[in-house]
Amino acid sequence: MPADELFAERLRKVEQLAARGIPSYGVDFRPTATMTRARALLDVHEREHPPEVGEPVVGPEVAVAGRVMQLRPQGGVCFAHLQDETGRLQVWLREDRLGDATYDVVRSLDLGDIVGVSGHVTRTRRGEPSVLADSMTLLVKALRQPPEKFHGLQDLETRYRKRYLDLLSSGAQRRHFATRTATIRALRASLDSRGFMEVETPILQPIAGGGAAVPFVAHWNALHTDVYLRIAIELHLKRLLVGGYARVYEIGRVFRNEGLSPKHNPEFTMLEAYQAYATYDDMRALTEALIVVGGRSLDLHPPYAVTRMADLVHERCGVDVLDRWDDMQQAAADLNVEVPADHGPGATLLEIYEQRVEPELWAPTFVLDYPADVSPLARRRVDDPRFVERFELIVAGRELANAFSELNDPVDQRRRFEEQAQLRAAGAAEIPPIDEDFLEAIEVGMPPAGGLGVGVDRLVMVLTGKMSIRDVLLFPTMRPQHRSVAAAAHDYGHHESPSERAEDP
RNA sequence: GCCCCCUUAGCUCAUCGGAAGAGCAGCCGGCUUUUAACCGGUUGAGGGAGGUUCGAUUCCUCCAGGGGGCACCA
C-alpha cells in the first residue's frame, strides 16, 4: 500500500476517535516509572513476596508511557511492547478490564503510536514482565509508520537523513550516541577540575583565522556585508589570555568549506584549551589526561610514545632531513613523494611525513616539532628556529590532537602572517588574510602559553571504533535533496549578496 | 572535481530481455496469557528523463541521491 494511503488510513483513525470525543494529541500523562524501573519494581516485589505456584503476581502500581513497537492483538486481549528511552516493556490490555470504549481505542492502535498505561506490574503465564492495564490513554497517534519492527532501518541514507527513525528503531544506536555525550561530558569535567574556564566566542567572524581552511560565507543583511563562519577557535581564546584569564577552553562547532569524506564533515566539534605559563610539554600531559578520561576499551593508556617528526622521517624513510634541509625537494623526489614545486623545505618535510609516516602510526604517538613555515601560530624552538614547539597526537593513523607553545612575540607573529599572506596572494584560498585585530591584542601582551586542539568527532571515532565520521554525528551533513532546496529558495526569497555575486571557484 | 558500485511496495529482501514475488506493516474477518503471535481473505512497487528493441525493471546515455576510493583536508 502506497505511503499516502497508509498515511490517510491513520488520519482516518484520528478523525474517527475525534468523532467519539477521544483526542489523539495533547493529552497530559505523568509516567511514574520508566520501563526499566517498572521491571526492577517487579523483581523487587517477587523477591519480597515469592509468588505461590499458579497464583498471579500483583506487583506495585505504575504508570508508564512509550511508543508502541509491537502489537499482538487476539480478540479481547492485546499484548503490546512499549518502548521508552530506557527500554521496552510489555503491556497487557484486556477488554474486560478496560471496558468497551477504551478497548475500541486499543483496536485502532498502530505501531508507532505513543500511549500511557496504568496498572500493576505482573508476569504473564509465559513469564514476560508486564503491566496489566487498568487504564490506557492514547497520547500520540503516529501518522507515519515506524521502520520494520524486526530488521529495523537498514538504508544508510535514511539513517543519516532521518536519524530519529534510526534512533527509535535501534537501542544500540541510542546507546552509541549516549557514549558520545558521555565522552564530551568527561572532557568538560576534566578541564573544569583543572581550573579551566569554559567560554563562548564568536562563530560569525569578519576574518576566519586560526587555521588554514576555506570558510563558509554568510550574509549579514542589516550591514550589507558578508561574514565568515569560524574555522578554528584559537584567536579568540588567545585574546582572552591577553585579557587576563589563565586557563580557558571552548568545545564548539567549527566549519570548513571542504568536501565530504568518512573522515571529514563540513561542520565538526573542536575542543581548544589554552593555559598561560605553560608549554607544549604541559599540553602533552594535559592531552594524556583528557584522552584517558574517555578511553575505555582501546589501549589508550598513557604514557604515549614521543618522537620528533624529523627523527621519524629519518628512521622510517632513511633520509636525514636536517642534513638535507636545503635539498628537501630532491629528498622528496628520492622517496617518490610528490610535492608541489613551490613548497619550501618545511612544507615539503610535512608532505613526506604525512604521506610516508603518519598513516603507519597506530599506537598513540606524540609527533613533536613541526616545521615553522607550516605552523604560523606556534613558537619557534630556541635551538633550531626552522622548527616550532608543536605536536600532534596520532592514533590509528589519525590526528586526534594538535598543540603548541603559543607564539606570543607580536613582531614574529606579524612576520609569519605576512609570509602566509604571500601564499594567499599566490592563490592559496585556505590561508586567511592578516588579522590586524588579533595582532593588536598580541601587541598588548599575551603571556607565554600552551594551546591544545582536539578533534572531538575523531576522538569519539577512535573510542567507539567507528570508521566513518557520519556514524558519530547525530545529523551528518548531507547533500540537500532537490525538493527541499527548491522550497528553501522560495521561502527565503532572493537577496543579492556579495557571496552570490562572487564567482564560485 | 574524477573513478567504481548501489537505488525494486511504507519497511526488509528476492527475481528477470517476454505477465514483478515474499515477509513485515496496512485493510476485512476470526481469536481473552501472546513473544517477529497465529489463521483466512485482500490492497500496494522498479529514483527521474531519454535511447536501443517486436517487447526494458533488466542493455546504453544523461540527471539526482547514497556508499567507497582519489583529490582537497595545519
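As a reminder, the structure under discussion sits directly above these lines.
Residues numbered from 1 in each chain as written. Chains lettered and ligands numbered in written order. Predicted model: local features only at pLDDT ≥ 70, side-chain atom pairs only at ≥ 80, totals over all residues. Heavy atoms only, no water.

Student: Could you clarify how one ought to interpret the packing of helix α10 (residues 309–317) against helix α12 (residues 345–356) in this entry?
Tutor: The description of two helices packed together rests on the angle between their axes and the distance between the axes. One way to put it is that α10 packs onto α12 with a least axis distance of 10 Å and a crossing angle of 55°. Put simply, α10 runs oblique to α12. Here the hand of the crossing between α10 and α12 comes out left-handed. Across the interface between the two elements, Met309, Leu312, Val313 and Cys317 of α10 pack against Leu349, Leu350, Ile352, Tyr353 and Arg356 of α12. Its residues assigned to classes, the contact of α10 with α12 comprises eight nonpolar, no polar and one charged. (Axes fitted to C-alpha atoms, helices over the stretch in contact; angles between N-to-C directions. Helix = DSSP H or I, 4+ residues; strand = E, 2+ residues; numbered from the N terminus. Parallel < 35°, antiparallel > 145°, perpendicular 65-115°, else oblique. Left-handed = near helix turned anticlockwise from the far one by under 90°. Contact = heavy atoms within 4.5 Å. Nonpolar A, V, L, I, M, F, W, Y, C, P; charged D, E, K, R; others polar.)

Student: It is not clear to me how helix α7 (residues 171–193) should be interpreted in this structure. Could you clarify?
Tutor: A turn of α-helix holds 3.6 residues, and therefore any two residues three or four places apart point the same way. An ideal rise of 1.5 Å per residue puts 33 Å on 23 residues; α7 measures up with 32 Å between its terminal C-alpha atoms. Taken as a whole, α7 has its buried residues at Gln173, His176, Phe177, Arg180, Thr183, Ile184, Ala186, Leu187, Ser190 and Leu191. Two residues or fewer past α7, Gly195 is found with a positive phi of approximately 85°. (Expected span 1.5 Å × (residues − 1). Buried < 20%, exposed > 50% of the residue type's maximum accessible area, 1.4 Å probe, protein only.)

Student: Looking at this structure, I do not really get the protein's contact with RNA strand B. What am I missing?
Tutor: Not every one of the 57 residues close to RNA strand B is listed here, only the nearest: Thr124, Arg126, Gln145, Glu157 and His264. Of all RNA strand B atoms lying within 4 Å of any protein atom, the proportion belonging to sugar or phosphate reaches 55%. Within the side chain of Lys13, an N or O atom sits 2.5 Å from a phosphate oxygen of RNA strand B. A distance of 3.3 Å separates a sugar or linking oxygen of RNA strand B from a polar atom in the side chain of Glu392. At the level of secondary structure, the elements contributing two or more residues to the surface near RNA strand B comprise α1 (3–19), β1 (61–74), β2 (77–84), β3 (87–94), α5 (156–161) and β14 (390–395). The element best represented in the surface near RNA strand B is β1, accounting for five residues. (Near = heavy atom within 4 Å. Polar contact = N/O pair within 3.5 Å; in protein donor to acceptor, adjacent residues only side chain to side chain.)

Student: Any chance you could explain the packing of aromatic side chains here in plain terms?
Tutor: Geometrically, a pair of aromatic rings is defined through the distance of the ring centres and the angle of the planes. Per the stated rule, a full pass over the model turns up seven aromatic pairs. Ring geometry for Phe79 and Trp92: centres 5.8 Å apart, planes at 25°, overall stacked. You can see Phe79 sitting in strand β2 and its partner Trp92 sitting in strand β3, a full 13 residues away along the chain. The class of Trp92 is buried, set by a relative accessible area of 17%. Here the aromatic rings of Phe417 and Phe438 are separated by 6.2 Å at their centres, their planes lie at 50°, and the arrangement is tilted. Of this pair, Phe417 sits in helix α13 (residues 410–425) while Phe438 sits in helix α14 (residues 436–445), placing them 21 residues apart in sequence. Grouping residues by exposure puts Phe417 and Phe438 together as buried. Grouping aromatic residues by their ring pairs yields a cluster made of Tyr280, Tyr304, Phe366 and Phe391. (Phe/Tyr/Trp six-rings, centres within 6.5 Å; stacked < 30°, edge-to-face > 60°.)

Student: Teacher, can you tell me more about the sheet that holds strand β13 (residues 365–368) here?
Tutor: What holds strands together in a sheet is hydrogen bonding between their backbones, with the strands either parallel or antiparallel. Judged by pairing direction, the sheet is mixed, and its eight strands sit side by side in the order β6-β10-β11-β16-β15-β14-β13-β12 without closing on themselves. Pairing within the sheet leaves two strands with one partner each, and these edge strands are β6 (197–198) and β12 (305–308). The pairing of β12 with β13 spans four bridges and is classified as parallel. Counterpart to Val306 in the pairing with β13 is Phe366. (Pairing = 2+ DSSP bridges.)

Student: Explain the pattern of salt bridges here, please?
Tutor: Opposite charge on two side chains lets them pair, provided their charged atoms get close. All told, the structure shown has 35 salt bridges when counted by the stated rule. Notably, a salt bridge pairs Arg380 with Asp412, separated by 3.3 Å at the nearest N-O pair. Pair noted here: Arg380 is in the loop between β13 and β14 and Asp412 is in helix α13, with a separation of 32 residues, a long-range link. The exposure class of Arg380 is partly exposed, given its relative accessible area of 24%. (Salt bridge = Lys/Arg side-chain N within 4 Å of Asp/Glu carboxyl O.)

Student: Just to check I follow, could you spell out the pairing of strand β10 (residues 247–255) for this structure?
Tutor: Taken residue by residue, a regular strand's side chains alternate between the two faces of the sheet. β10 sits mainly inside the fold: seven of its nine residues count as buried. Relative to β10, β6 runs parallel, the two sharing two bridges. By the bridge assignment, Glu198 is partnered in β10 with Tyr249. Sheet topology places β10 next to strand β11 (residues 267–276); nine bridges connect them, and they run antiparallel.

Student: Looking at this structure, I do not really get the side chain of Ser169. What am I missing?
Tutor: Mapped onto the elements, Ser169 comes out in the loop between α6 (163–168) and α7. Looking at Ser169, its side chain comes within polar contact range of the main-chain oxygen of Leu165, at 2.8 Å. Here Ser169 is in contact with Pro147, Gly152 and Leu153, once residues within four sequence places are set aside.

Student: Explain the packing of α13 against α14 to me, please; I cannot follow it from the model alone.
Tutor: Running from N to C, α13 and α14 point in directions that differ by 160°, and their axes come no closer than 9 Å. Taken as axis vectors, α13 and α14 run roughly antiparallel relative to one another. The crossing of α13 and α14 is right-handed. Taken together, the residues of α14 that come into contact with α13 (itself represented by Pro410, Gln413, Arg414 and Phe417) are Glu436, Phe438, Leu439, Ile442 and Glu443. Taken together, the residues of the contact of α13 with α14 break down into five nonpolar, one polar and three charged.

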